[in-house]
Amino acid sequence: RKEVEQDPGPFNVPEGATVAFNCTYSNSASQSFFWYRQDCRKEPKLLMSVYSSGNEDGRFTAQLNRASQYISLLIRDSKLSDSATYLCVVNQGWSGGYQKVTFGTGTKLQVIP
Amino acid sequence: EAQVTQNPRYLITVTGKKLTVTCSQNMNHEYMSWYRQDPGLGLRQIYYSMNVEVTDKGDVPEGYKVSRKEKRNFPLILESPSPNQTSLYFCASSAFSSSSYNEQFFGPGTRLTVL
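Residues numbered from 1 in each chain as written. Chains lettered and ligands numbered in written order. Predicted model: local features only at pLDDT ≥ 70, side-chain atom pairs only at ≥ 80, totals over all residues. Heavy atoms only, no water.

Student: How should I be thinking about the layout of surface pockets in this particular structure?
Tutor: Where empty space is left in the structure can be found by rolling a water-sized probe over the atoms. Approximately 630 Å³ is the volume attributed to the largest pocket. Together, 25 residues line the largest pocket, and A:Gln38, A:Arg41, A:Thr85, B:Gln37 and B:Pro39 are the ones closest to its centre. Taken together, the elements giving at least two residues each to the lining of the largest pocket come down to strand 9 (84–95) and strand 11 (107–112) of chain A together with strand 4 (31–38) and strand 9 (87–94) of chain B. Residues that form the lining of the largest pocket fall into these classes: eight nonpolar, 12 polar and five charged. (1 Å grid on protein atoms, 1.4 Å probe; cavity = no way out; pocket = protein on both sides within 12 Å on 5 of 7 lines; lining within 4 Å. Points joined across faces, edges and corners; volume = space filled by probe spheres on them. Helix = DSSP H or I, 4+ residues; strand = E, 2+ residues; numbered from the N terminus. Nonpolar A, V, L, I, M, F, W, Y, C, P; charged D, E, K, R; others polar.)

Student: What am I meant to see in the interface of chain A and chain B here?
Tutor: Size of an interface: often given as the accessible area lost when the parts come together. Taken together, the contact between chain A and chain B spans 22 residues of the former and 24 residues of the latter. Here chain A packs against chain B, burying approximately 1,800 Å² in sum over the two surfaces, 54% of which is carbon and sulfur. There are one salt bridge connecting chain A and chain B. With a closest N to O distance of 3.5 Å, A:Lys100 and B:Asp59 form a salt bridge. The interface formed by chain A and chain B contains three residue pairs in polar contact (both at pLDDT 80 or more). For the side of chain A that touches chain B, the secondary structure elements donating two or more residues are strand 4 (32–38), strand 5 (44–50), strand 9 and strand 10 (98–103) of chain A. Partitioned by chemical class, the residues of the side of chain A that touches chain B number nine nonpolar, eight polar and five charged. (Contact = heavy atoms within 4.5 Å. Buried area = accessible area lost by both parts, 1.4 Å probe. Salt bridge = Lys/Arg side-chain N within 4 Å of Asp/Glu carboxyl O. Polar contact = N/O pair within 3.5 Å; in protein donor to acceptor, adjacent residues only side chain to side chain.)

Student: What's the story with the state of the cysteines in this structure? I'm lost.
Tutor: Here a disulfide denotes one covalent bond, and it connects the sulfur atoms of two cysteines. According to the stated counting rule, one finds two disulfides over all chains in the structure shown. A sulfur-sulfur separation of 1.9 Å characterises the disulfide bridge that pairs A:Cys23 with A:Cys88. Taking the sign of the S-S torsion, -70° for the link of A:Cys23 and A:Cys88, the bridge is left-handed. Taken together, the residues A:Cys23 in strand 3 (residues 19–25) and A:Cys88 in strand 9 connect sequence positions 65 residues apart. Covalently, B:Cys23 is tied to B:Cys91 through a disulfide, its sulfur atoms 1.8 Å apart. Residues B:Cys23 and B:Cys91 are joined by a disulfide whose S-S torsion is about -70°; by sign, that bridge is left-handed. A residue pair is termed long-range when its members are at least 10 positions apart, and B:Cys23 in strand 3 (residues 19–25) and B:Cys91 in strand 9 qualify at 68 residues. For the pair formed by B:Cys23 and B:Cys91, the shared burial category is buried. (Disulfide = S-S within 2.5 Å. Buried < 20%, exposed > 50% of the residue type's maximum accessible area, 1.4 Å probe, protein only.)

Student: Please explain the nonpolar core as it appears in this structure.
Tutor: The biggest cluster of nonpolar side chains holds 23 residues, and the ones touching the most others in it are A:Phe21, A:Trp35, A:Ile71, A:Leu73, A:Ile75, A:Tyr86 and A:Leu109. Those residues in contact with A:Leu73, other than ones at most four positions away along the chain, are A:Val19, A:Ala20, A:Phe21, A:Trp35, A:Leu47, A:Met48, A:Phe60, A:Thr61 and A:Tyr86. Of all hydrophobic cores here, the second largest spans 19 residues; its members include B:Tyr64, B:Leu76, B:Leu78 and B:Leu112. (Core = buried A, V, L, I, M, F, W, Y, C linked by side-chain atoms within 4.5 Å.)

Student: Would you explain the sheet that holds strand 1 (residues 4–6) of chain A in this entry?
Tutor: Strands pair in a sheet through their backbones, by hydrogen bonds, and they do so in one of two ways: parallel or antiparallel. Residues and elements named next belong to chain A. One open sheet holds the five strands; their spatial order is 1-3-8-7-6, and the pairing between them is antiparallel. In this open sheet, the two edge strands, each paired with only one partner strand, are strand 1 and strand 6 (55–57). Averaged over all neighbouring strand pairs, the angle between strand axes comes to 20°, with direction disregarded. As paired elements, strand 7 (residues 60–65) and strand 8 (residues 70–75) share six bridges and run antiparallel to each other. Its bridge partner lying in strand 8, Ala 62 is registered against Leu 73. (Pairing = 2+ DSSP bridges. Axes fitted to C-alpha atoms, helices over the stretch in contact; angles between N-to-C directions.)

Right, dumping it as structure tokens:
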């Protein structure tokens, strides 16, 4: 089983739609979780952290389910500018003197006019 | 402007011809890292550095070398490139913390093709 798994998509959704992505992780001892956004052929950028109690940033909501070992990202009222690949990032904690951070392969979102 | 820069952005080379990809950050970050990104495999860490003169292997270090002689610079060296090193490479930096993950700032990427 991969350490971090995401559905690659693409998710094609109309403008204004609500879309949700999940990301599963295998290490139950994982400590912190994040969503990064990557535009086509560009560098990844931090979108938001994922807190245990769930957190919201405008149209974006992130949730963590430790029992089932997944995190989710919900985007409401999708905009054309939301089209990108969303990377799930899991911090598995210290390993051999550094923090082991694993990136998912990403879920591609295409918002259609 | 706080940023991570990489050069070159695009490079086409031939097997066996040594090359260096430079990475520089102006945020005084202790932690720097190199990743490669391949379709279906995501970002995989090549090497990382927690401070000057402190480097260590990531998940896919074979065929690469790094150095950290100055805090701001972290070059990636391919002594004898091979076609399987054709990839998109990202340098990243972050402030170091022993207790939590700090946001990584990525450079714009270097697209390398080895013929």
